[in-house]
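Examining the three-dimensional arrangement
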Amino acid sequence: MLRFLTAGESHGQLLMGVIEGIPAGLELTSSDINLELSRRQIGYGRGGRMRIEKDSVEITCGVRWGKTLGSPVGLLIRNRDWVNWSDRMSPEPSFEGCVPPETKPRPGHADLTGIIKYSHGDIRNVLERASARETAMRVAIGAVAKKFIGIFNIKIVSHVTEIGGVKGTLRNISLDSIMEQTERSELRCVDKKAEIRMKTRIKEAKEKGDTVGGVFEIIVTNVPPGLGSYSQWDRRMNARIAYAVMSIQAIKGVEIGEGFEAARKLGSGVHDAIYYDEEKQSFYRKTNRAGGIEGGITNGENIIVRAAMKPIATLYSPLDSVDIGTKEPFKASVERSDICAVPAASVVGEAMVATEIANAILEKFGGDSIEEIERNYLGYLDSIKKI
Ligand code: EPS
């Protein structure tokens, strides 16, 4: 079983991550992870912070001479902005009160719910951990998961389909092209015309002191049939993926396959007819409206997930709010922030899906070393040809 934890505040010293369950013998270097970290940092519409940070990982434990040991893998990413916050965010009690508390909650952020829940008098105690800065570590952890599932040739692609109400169209285009084009696009969008209009939306929102959200899609290829199960609610692959993606800051909706659209159609137009390929000795579909999952189990087709991200809650033209100290009405406080982070969120989405796939692979095929799990995996692929 794969499990992981992250720790760290947005303007604290660093972000930490611990991953347990990666088998021994996986080749892993910091450059595998840094590549993913840099993908998360780019994107039109990010704020000033991304000019400060240049995320780079330190692998602190669980790896020796470029290979995992089978023990927990420890990761660390230093916050460059820490030098500007070392007194305000110091763990030392002597710095207490060096800045006044923040008392004006931003609607839509964790500010108010967090201070109520944790009995804080200073919103900074909430926003530092609620911040999407934490997703840098999730991407690092996801990079390890990606490296692991890469052993089975499973790949994850993401692209942005909508920003600020502007929809892109995805014509018949191969997954390799999606992968290649999104890496060259500032919005990770393959529809060039839509991308121009999306950028205009972001620019207009910025001029108005506003923010925009959007939708991204994740496609997982070469997934073996049989991951997840219908036998218990929390083992269903669609539920697990939805949970993982929904856990990303600002995500408000997740769909698998046709998702909400399927609810508007007749069954005959939704379900994917079944065929058998004699040569490959395997079942296949000509359509993939199910998004690669039926009955909570992967069916061998690509997994398709879409997620809706709300506009970022920090507005330069703030909404009405109430001061938590005086209870006076106020305009919510303005923190430096992004205007749009949908492209970054799509990379985080890839990471979260990768951890769920890695977990399901471990669960199905077991094994403490890469050799052992590969053996189990190949044996399974052989056995399902006899069905
Ligand atoms: C964030 C606010 C901004 C973002 C941050 C998430 O940070 P700051 O307050 O320092 O300007 O840039 O995202 C990151 C730092 C990151 O690495 O993605 C928030 O409030 O969630």
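Residues numbered from 1 in each chain as written. Predicted model: local features only at pLDDT ≥ 70, side-chain atom pairs only at ≥ 80, totals over all residues. Heavy atoms only, no water.

1. Some words on a nonpolar patch on the surface
Test applied: Here, patches come from residues exposed beyond 30% relative accessible area and free of salt bridges, joined within 9 Å for like charges and within 5 Å for nonpolar side chains (Val, Leu, Ile, Met, Phe, Trp, Tyr). Calculation of accessible area relied on Shrake-Rupley with a 1.4 Å probe; when residues are assessed, cover is drawn exclusively from the protein chains displayed. Here a salt bridge means any side-chain nitrogen of Lys or Arg lying within 4 Å of a carboxyl oxygen belonging to Asp or Glu. Segments assigned H or I by DSSP are reported as helices when at least four residues long, segments assigned E as strands when at least two residues long, and all are numbered from the N terminus. Categorising residues by exposure relies on relative accessible area from a 1.4 Å probe, with only protein chains included: less than 20% of the type maximum marks a residue as buried, more than 50% marks it as exposed, and the intermediate range marks it as partly exposed.
Taken together, Ile-274, Tyr-276, Phe-283 and Ile-387 make up a surface patch of nonpolar side chains, about 440 Å² in accessible area. Note that Ile-387 resides in the segment after helix H10 (370-384). For Ile-387, a relative accessible area of 66% puts it in the exposed group.

2. Considerations on helix H9 (residues 342-365)
Quick reminder of the rule: Helices are assigned an expected span. That span is 1.5 Å times one less than the residue count.
Counted at 1.5 Å a residue, the expected span for H9 with its 24 residues is 34 Å, and the 34 Å between its end C-alpha atoms agrees. The buried fraction of H9 is high, at 22 of 24 residues. Two residues or fewer past H9, Gly-366 is found with a positive phi of approximately 55°.

3. Overview of the packing of aromatic side chains
How we decide: Any two rings among Phe, Tyr and Trp, with Trp reduced to its six-membered ring, count as a pair given centres within 6.5 Å; such a pair is stacked if its planes are under 30 degrees apart, edge-to-face if over 60, and tilted if neither. Distance and angle both matter: a charge sits over a ring if NZ of Lys or CZ of Arg is within 6 Å of the ring centre and within 35 degrees of the ring normal.
Evaluated as defined, the whole model comprises six aromatic pairs. Relative to Phe-283, the ring of Tyr-276 has its centre 5.1 Å away and its plane inclined at 65°; by these criteria the two rings are edge-to-face. Considering the side-chain rings of Phe-365 and Tyr-377, the 5.1 Å spacing of their centres and the 85° angle between planes classify their relative orientation as edge-to-face. Taken together, the residues Phe-365 in helix H9 and Tyr-377 in helix H10 connect sequence positions 12 residues apart. Each member of the aromatic cluster is reached from another via a ring pair, and the members are Phe-148, Phe-152, Phe-365, Tyr-377 and Tyr-380. Between the NZ or CZ atom of Lys-117 and the centre of the ring of Tyr-118, over which it lies, the distance is 5.5 Å. In this arrangement the basic side chain of Lys-286 is found over the ring face of Tyr-275, its NZ or CZ atom lying 4.1 Å from the centre.

4. Describing helix H1 (residues 30-41)
Since one α-helical turn is 3.6 residues long, residues separated by three or four positions face the same way. Defined as follows: Here, residues are in contact when the closest pair of their heavy atoms is within 4.5 Å.
When the terminal C-alpha atoms of H1 are compared, their 17 Å separation across 12 residues agrees well with the 16 Å that a helix rising 1.5 Å per residue should span. Among the residues of H1, Ile-33, Glu-36, Leu-37, Arg-39, Arg-40 and Gln-41 are the ones counted as buried. Next to the buried residues of H1 lie helix H2 (49-52), strand E3 (57-61), strand E6 (73-78), helix H5 (135-150), helix H6 (175-184) and H9. Gly-43 lies just past H1 and shows a positive phi near 135°.

5. Re the site of the ligand
Going by this rule: For this purpose, a residue is taken to be near a molecule or strand whenever a single non-hydrogen atom of the residue falls within 4 Å of it. Under the rule applied, a polar contact is a pair of N or O atoms within 3.5 Å (in protein, one hydrogen donor and one hydrogen acceptor; residues adjacent in sequence only if both atoms are side-chain atoms). Grid points spaced at 1 Å and placed over the protein atoms alone form the basis of the search, with a cavity being a set where a 1.4 Å probe fits but cannot get out and a pocket an open set showing protein on both sides within 12 Å along at least five of seven lines. Lining residues have an atom within 4 Å of a point. What decides whether a molecule sits in a cavity or pocket is whether more than half of its atoms lie within 2 Å of the grid points. Only Asp, Glu, Lys and Arg are considered charged in this grouping, and only Ala, Val, Leu, Ile, Met, Phe, Trp, Tyr, Cys and Pro are considered nonpolar; every other residue, Gly among them, is considered polar.
Taken together, 13 residues form the shell around the ligand, and within it His-11, Arg-40, Arg-49, Arg-133 and Arg-336 come nearest. Here an oxygen atom of the ligand and a side-chain polar atom of Arg-40 are 2.6 Å apart. The contact in question runs from an oxygen atom of the ligand to an N or O atom on the side chain of Ser-131, over 3.4 Å. Notes on the ligand: free accessible area 470 Å², of which the protein chains cover 93%. The site holding the ligand turns out to be the largest pocket. For the shell around the ligand, the residue count by class is two nonpolar, four polar and seven charged.

6. With respect to the nonpolar core
Burial of nonpolar side chains together is a common tendency in soluble globular proteins. So the rule is basically this: Take the buried Ala, Val, Leu, Ile, Met, Phe, Trp, Tyr and Cys residues and link them wherever side-chain atoms come within 4.5 Å; each set so joined is a nonpolar core.
Counting 75 residues, the largest nonpolar core has Leu-75, Phe-148, Ile-241, Ile-357 and Ile-361 as its most contacted members. Looking at this core, the element that brings in the most residues is H9, giving 14 residues. Core analysis: the next-biggest nonpolar cluster, separate from the first, contains five residues, Ile-115, Val-126, Leu-127 and Ile-324 among them.

7. Quick word on the packing of H5 against H9
Selection criterion: Working convention: axes come from line fits to C-alpha atoms, limited for helices to the stretch in contact. Angles between N-to-C directions cover 0 to 180 degrees. An angle below 35 degrees is treated as roughly parallel, one above 145 as roughly antiparallel, one from 65 to 115 as roughly perpendicular, and anything else as oblique. What makes a crossing left-handed is the near helix being turned counterclockwise from the far one by less than a right angle; a clockwise turn instead makes it right-handed.
With their axes 7 Å apart at the nearest point, H5 and H9 run at an angle of 45° to one another. Compared by their axis directions, H5 and H9 come out oblique. The crossing of H5 and H9 is left-handed. For the pair H5 and H9, the contacting residues are Thr-135, Arg-138, Val-139, Ile-141, Gly-142, Ala-145, Lys-146, Phe-148 and Ile-149 in the first and Val-347, Val-348, Glu-350, Ala-351, Met-352, Ala-354, Thr-355, Ile-357, Ala-358, Ile-361 and Leu-362 in the second. Of the residues in the contact of H5 with H9, the class split is 14 nonpolar, three polar and three charged.

8. Section: the sheet that holds strand E7 (residues 155-163)
For sheets, the rule is that strands pair by backbone hydrogen bonds, running either parallel or antiparallel. Counted only if it meets this: Here, strands pair whenever DSSP counts at least two bridges between them.
An order of E8-E7-E9-E15-E10 is seen for the five strands of this open sheet, with the pairing classed as antiparallel. On the outer flanks of this sheet lie strand E8 (166-167) and strand E10 (251-256), each paired with one strand and no other. Direction of pairing for E7 relative to strand E9 (residues 214-221): antiparallel, over a ladder of eight bridges. The residue of E9 that forms the bridge with Val-157 is Ile-219. The sheet strands contacting H6 are E7 and E9, and the helix crosses E7 at an angle near 65°.

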